[in-house]
Amino acid sequence: MDFRRFLKGYYIVNAILLIVYPVSRVAWIRMTPGLSAADTMGYTRETNFLGILAMIAAIKFYKSATAEQFFMEIFFYGKVFIFGLYIFVDPKISIIYLFASIVIWLFFKLPKYDGPTRMVRIQNEEEFNKLISKETRVGNKVASPSELPYEKMSKMWFVELYVDWADTCQYTKSIWAEFSNKYTTERFGFATVNLQKIPEIAKRFQINTSGLSRQLPTLILFEEGKEYIRFPPIEEKTGKIGRVLKYDKKQLAKYFDLEKRFLATREAGTRKS
C-alpha cells in the first residue's frame, strides 16, 4: 500500500480536528491555576466516549472495504464524539468546533484515487460501443457467451460505472485499480465510465444515479459484447437491487471469477504469440 496518498490535505486537516481536543484539554488544565483533571468534567465520561469510539473503530476496520473508507468514517464519528465532549466542557467551543468541521467538510473532499491503474477511461457512448460491444461469430451467427470458453471469446471487459459525488465510488477506486493491475491481459480488459458525463449508459443499463441510489458503483462484466454478470445484482423477478453491506475485494474477485478468466486469457495470449 502506498501510504503517501494519506498525506493529502483531506487526511491532514481531519486528523488535526481529532487531535485538537486532547491537546486543548491538557492545555486548559495546565494553564488554569489550581485546576486538576478531577476538577473538570472528569475522566469517567471521556473514558466512556473513548471506549465507544474505539469499539466503532474496530467494527469499521473489519467492515471497511478500503483504508480510504475506514479513515473517512473514523473522521466522521470522531468529530461527532469530540463535538459532544466539547458541549460538556464549554458550549461556545463546541459551536466553534462544529463550524470548523463544516468548513473543512465543504472545502476538503475525499481525494480521488491517483495511484497505478490499467483501467481504460471511456469518454463517450460511441467509444463504449466500439470498445465493449465486440462479438465473436461462429459461422453466420453471433456466438453466445455460454457456447465459448474464455480463451476463444472476443475481449472480455470488467467495467466500473460510477459518479464523482458518491463517496462509495471514491473509496472503492483503489480496489478496481488493483484488479486491473493484477488481472489485465490482452483478452481481458478493465474500463471505467463516469455516468455523470455519459448518462445514456446509465439509462441503457438501468442504473439509478440519484442520491438515494443503491447501485453506485455498479460493476458489469461483459462477454461477447453483452452483460454477463453485474454487482450489485438485480433480481430478475422483482427488479430489486441487492443490498450491499461491503464491497469486499476477495469476495468480488471470486464473484466475477477473475482469477480463472485471467489464467485462461493469459494462456490464450501466450499460445497466440
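Whatever comes next refers back to the structure up there.
What counts, and at which threshold
Residues numbered from 1 in each chain as written. Predicted model: local features only at pLDDT ≥ 70, side-chain atom pairs only at ≥ 80, totals over all residues. Heavy atoms only, no water. Salt bridge = Lys/Arg side-chain N within 4 Å of Asp/Glu carboxyl O. Helix = DSSP H or I, 4+ residues; strand = E, 2+ residues; numbered from the N terminus. Buried < 20%, exposed > 50% of the residue type's maximum accessible area, 1.4 Å probe, protein only. Phe/Tyr/Trp six-rings, centres within 6.5 Å; stacked < 30°, edge-to-face > 60°. Lys NZ or Arg CZ within 6 Å of the ring centre and 35° of its normal. Core = buried A, V, L, I, M, F, W, Y, C linked by side-chain atoms within 4.5 Å. Contact = heavy atoms within 4.5 Å.

> Hey, could you go over the pattern of salt bridges for me, with residue numbers and the actual values?
A complete count under the given rule lists ten salt bridges for this structure. Between Asp 164 and Lys 112 there is a salt bridge, and its shortest N-O distance comes to 3.6 Å. Placement of the pair is Asp 164 in the loop between strand E4 (156-162) and helix H6 (167-171) and Lys 112 in the loop between helix H4 (91-107) and strand E1 (120-122), with a sequence separation of 52 residues. Judged by its relative accessible area of 27%, Asp 164 is partly exposed. You can call Lys 112 exposed: its relative accessible area is 52%. A salt bridge links Arg 261 to Glu 223, with the nearest nitrogen and oxygen atoms 2.5 Å apart. Highlighted residues: Arg 261 in helix H10 (residues 258-272) and Glu 223 in strand E6 (residues 218-223), separated in sequence by 38 residues. What makes Arg 261 buried here is its relative accessible area of 2%.

> Residue-level account of the environment of Ala 58, with values.
If you trace the backbone, Ala 58 turns up in helix H2 (residues 43-63). Taking C-alpha positions, Ala 58 is 9.8 Å from Phe 70, a pair spaced twelve residues apart along the chain.

> Tell me what's going on with the packing of aromatic side chains, and back it up with residues and numbers.
Summed over all chains, the structure comprises 29 aromatic pairs. Taken together, a centroid distance of 5.2 Å and an interplanar angle of 55 degrees make the contact between Phe 6 and Phe 71 tilted. Linking Phe 6 in the segment before helix H1 (9-31) with Phe 71 in helix H3 (residues 67-89), this pair joins segments that are 65 residues apart in sequence. Consider the rings of Phe 49 and Phe 88, whose centres lie 6.5 Å apart with planes at 85 degrees: the pair is edge-to-face. In this pair, Phe 49 is assigned in helix H2 and Phe 88 in helix H3, connecting sequence segments 39 residues apart. Classification of Phe 49 by relative accessible area gives partly exposed; the value is 21%. Residue Phe 88 is classed as partly exposed on the basis of its relative accessible area, which comes to 44%. Among the aromatic side chains, those forming a connected cluster through ring pairs are Phe 158, Trp 176, Phe 179, Tyr 183, Phe 188, Phe 190, Phe 231, Tyr 247, Tyr 255, Phe 256 and Phe 262. Above the ring of Trp 105, the side-chain terminus of Lys 109 is found at 4.2 Å from the ring centroid.

> I'd love a proper account of the nonpolar core, names of residues and values included.
Core analysis: the largest hydrophobic core is formed by 21 residues, its most contacted members being Phe 128, Val 159, Leu 161, Val 193, Leu 195, Ile 201 and Phe 222. Taken together, the elements giving at least two residues each to this core come down to helix H5 (125-132), E4, strand E5 (188-194), helix H8 (199-204) and E6. Counting residues per element, this core draws most heavily on E4, at four residues. Filtering out sequence-adjacent residues up to four positions away, Val 159 remains in contact with Phe 128, Ile 132, Ala 191, Val 193, Thr 218, Leu 219, Ile 220 and Phe 222. Among the nonpolar cores identified, the runner-up in size contains 19 residues, and Ile 175, Phe 188, Phe 190 and Phe 256 belong to it.

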